[in-house]
Amino acid sequence: MQRWRDVARASGLASPDGSARPTIFAEMTVLAQRTGAANLGQGFPDSDGPAWIREIAAAAIRDGVNQYPPGRGAPELRRAVAAHQLRRYGIELDPEREVLVTAGATEAIAAAVLALAGPGDEVVTLEPFYDSHAAAIAMAGATHVTVPLVPGPDGFRLDTAALGTAVSERTRIILVNTPHNPTGTVLSRPELQLIADAARRADALVVTDEVYEHLTFDGVTHTPIAALPGMAERTLTISSAGKTFSLTGWKIGWVAGPAELIEAVTAIKQFLTYSGGAPFQPAIARALVDGDPDIAALRDSLSARRDLLVAGLRDAGFELVVPAGTYFVCADATPFLAEGDDGAAFARALPERAGVATVPVSAFCREGSATSQALAPWVRFTFVKDEQTLRTAVERLRELDPRRGAVQR
Ligand SMILES: *Cc1c(COP(=O)(O)O)cnc(C)c1O
């Protein structure tokens with residue numbers, strides 16, 4: 001069996017028999033475009049990040065910052081990442097040896113998993129999980145083990161009993177994601193402590209995807225697991241400028257942690273892209289130093305947009321879990337499901353039925369898993385869209401008739 005089939009299957013690119021098919025994300029976007037639906041499926045901002053940050057990149061292009069940057073990243077960006085981790089979280093890093101700039105968080109995740117896990121190793125993730133996590137594990141030929149996040153009145157919470165069974169001496173990496181896509185959960189300090197304890201017991205490494213670190217609401221704050229006592233030495237922390245500064249197309253990310261682990265990730269990374277984004281790197285370096293007001297403004301505006309969407313979905317009759325962070329809210333579509341339908345069928349029909357696009361949460365689960373079954377009626381909506389798009393979507397969803405499973409127009 002060729003490895004690409006495992007990867008394709010893990011990432012939803014292929015059906016169980018291995019034949020290629022478009023991802024549900026691509027399918028929903030095509031549907032949204034064809035039907036003119038408000039696209040709350042794919043999670044990218046519909047307005048660009050701060051002009052002053054873009055100007056620095058434009059000036060860098062004009063001023064000749066157009067050739068390969070250093071393989072580990074521009075020194076000023078590595079210094080800015082180290083300074084950011086110290087100022088925000090009290091994490092000390094040597095920018096020379098403990099920070100690596102990558103082509104977005106996506107490359108950092110892939111390079112870290114490829115560097116540190118292989119056939120015979122288990123990599124534990126939360127479930128649901130971000131699709132590239134499963135793909136990276138499959139590319140490494142490692143075995144994917146999951147721990148459910150379970151919806152309840154306090155949000156999607158870690159299944160702590162399942163964590164205990166999932167992590168064993170076979171575990172090489174616990175791949176954490178907080179704030180979490182797709183659920184919007186921000187793992188609590190006690191939950192992170194349990195994960196840290198499990199990692200230490202199993203002598204496993206932790207790789208943590210924190211791309212939404214700044215996008216939390218209601219005074220909830222993000223804690224990097226590397227900041228927990230004794231965890232810095234076994235943790236690689238990954239983040240990126242894309243979500244923080246609404247510049248997802250720039251693909252400037254980074255990974256930080258112990259020098260010997262960064263060395264291993266660099267060995268892989270240099271043959272994935274070697275380096276990239278030369279003119280964007282000085283711009284993001286400045287953004288990390290001077291961008292706090294922009295981050296605060298984005299957080300406030302996202303929080304307001306979350307409130308708008310949450311109220312609208314509730315009004316329309318959805319049960320949901322209010323997210324404490326990220327771009328996303330997950331909602332239970334059970335009241336709107338026709339006999340025998342699930343969230344995937346609902347998502348496929350919704351653009352025609354109501355003029356709104358969404359994605360099923362099962363797309364973030366392993367095919368046939370218990371979590372996939374438990375969350376089968378759930379869908380994920382994004383609120384990282386302008387207010388008008390959200391209002392349009394909410395008005396359209398209000399017309400959904402739960403009883404008839406059809407829209408009344
Ligand atoms: C968007 C996203 C990424 C990808 O980040 P890039 O910097 O664009 O590569 C990684 N992880 C999660 C959870 C995301 O939502």
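Residues numbered from 1 in each chain as written. Predicted model: local features only at pLDDT ≥ 70, side-chain atom pairs only at ≥ 80, totals over all residues. Heavy atoms only, no water.

Asks: Please clarify how the sheet that holds strand β13 (residues 359–360) should be interpreted in this entry.
Replies: Paired through backbone hydrogen bonds, the strands of a sheet run either parallel or antiparallel to each other. Spatially, four strands are ordered β10-β11-β14-β13 in an open sheet, and the strand pairing comes out antiparallel. On the outer flanks of this sheet lie β10 (319–321) and β13, each paired with one strand and no other. Pairing of strand β11 (residues 328–332) with strand β14 (residues 378–382), which is carried by five bridges, proceeds in the antiparallel orientation. Bridging across to β14, F328 finds its partner in T382. (Pairing = 2+ DSSP bridges. Helix = DSSP H or I, 4+ residues; strand = E, 2+ residues; numbered from the N terminus.)

Asks: Help me understand the nonpolar core, please; the structure alone is not making it clear to me.
Replies: Here is a general trend for soluble globular proteins: nonpolar side chains tend to be buried in one another's company. Of all hydrophobic cores here, the largest spans 58 residues; its most connected members are L236, F318, F381 and L397. The next biggest cluster of nonpolar side chains, apart from the first, holds 30 residues, and it includes V145, V147, L228 and V321. (Core = buried A, V, L, I, M, F, W, Y, C linked by side-chain atoms within 4.5 Å. Buried < 20%, exposed > 50% of the residue type's maximum accessible area, 1.4 Å probe, protein only.)

Asks: I'm lost on the environment of A32 in this one. Help?
Replies: Looking at the secondary structure, you find A32 in helix α2 (residues 24–35). Sequence-wise, A32 and E352 are 320 residues apart; in three dimensions their C-alpha atoms are separated by 8.8 Å. Each residue touching A32, except ones within four places of it in the same chain, is listed here: A37, N39 and A357. (Contact = heavy atoms within 4.5 Å.)

Asks: Teacher, can you tell me more about the site of the ligand here?
Replies: Neighbouring the ligand are the residues G104, A105, T106, Y130, N177, N181, D209, V211, Y212, S240, K243 and K251. The side chain of K243 places a nitrogen or oxygen atom 3.1 Å from an oxygen atom of the ligand. Coverage of the ligand by the protein chains reaches 94% of its 390 Å² of free accessible surface. For the shell around the ligand, the leading source of residues is helix α5 (residues 104–116), giving three residues. When its residues are assigned to classes, the shell around the ligand shows four nonpolar, five polar and three charged. (Near = heavy atom within 4 Å. Polar contact = N/O pair within 3.5 Å; in protein donor to acceptor, adjacent residues only side chain to side chain. Areas by Shrake-Rupley, 256 points an atom, 1.4 Å probe, with all protein chains shown as cover. Nonpolar A, V, L, I, M, F, W, Y, C, P; charged D, E, K, R; others polar.)

Asks: Before we go on, may I ask you to explain the packing of helix α1 (residues 3–10) against helix α6 (residues 131–140) in this structure?
Replies: The description of two helices packed together rests on the angle between their axes and the distance between the axes. Remark: α1 packs on α6, axes separated minimally by 8 Å, with the N-to-C direction vectors making an angle of 160 degrees. Classified by the angle between their axes, α1 and α6 sit roughly antiparallel to one another. Of the two elements, α1 crosses α6, and the hand of that crossing is right-handed. Every residue of α6 that contacts α1 at R3, D6, V7 and A10 is listed here: A134, A135, A138, M139 and A140. Among the residues forming the contact of α1 with α6, the class breakdown is seven nonpolar, no polar and two charged. (Axes fitted to C-alpha atoms, helices over the stretch in contact; angles between N-to-C directions. Parallel < 35°, antiparallel > 145°, perpendicular 65-115°, else oblique. Left-handed = near helix turned anticlockwise from the far one by under 90°.)

Asks: What is the right way to look at the pattern of salt bridges in this model?
Replies: Oppositely charged side chains may form a pair once their charged atoms are brought near each other. Here the structure, examined in full by the defined rule, presents 19 salt bridges. Of the charged contacts, one joins E352 and R34 as a salt bridge, the two residues approaching to 3.8 Å between their closest N and O atoms. With a gap of 318 residues between them, E352 in helix α13 (residues 343–354) and R34 in helix α2 connect regions that are remote in the sequence. Assessed through its relative accessible area of 58%, E352 is described here as exposed. With a shortest N-O distance of 2.7 Å, R87 and D292 are connected by a salt bridge. (Salt bridge = Lys/Arg side-chain N within 4 Å of Asp/Glu carboxyl O.)

Asks: Before we go on, may I ask you to explain the sheet that holds strand β8 (residues 235–240) in this structure?
Replies: Across the sheet, eight strands lie side by side as β2-β9-β8-β7-β6-β3-β4-β5; this open sheet has mixed pairing. Whereas interior strands pair on both sides, the edge strands pair on one side only; in this sheet they are β2 (99–103) and β5 (155–158). Between one strand and the next, the sheet's axes are offset by a mean angle of 25 degrees, whatever the strand orientation. Bridge count between strand β4 (residues 143–152) and β5: four bridges; the pairing is antiparallel. Paired with L149 across the bridge in β5 is L158. Strands in contact with helix α4 (residues 75–89) are β2, β8 and β9 (252–256); relative to β2, the strand with the most contacts, it is inclined by about 115 degrees. Relative to the sheet, helix α10 (residues 259–269) contacts β2, β7 (205–209), β8 and β9, its axis offset from that of β2 by approximately 25 degrees.

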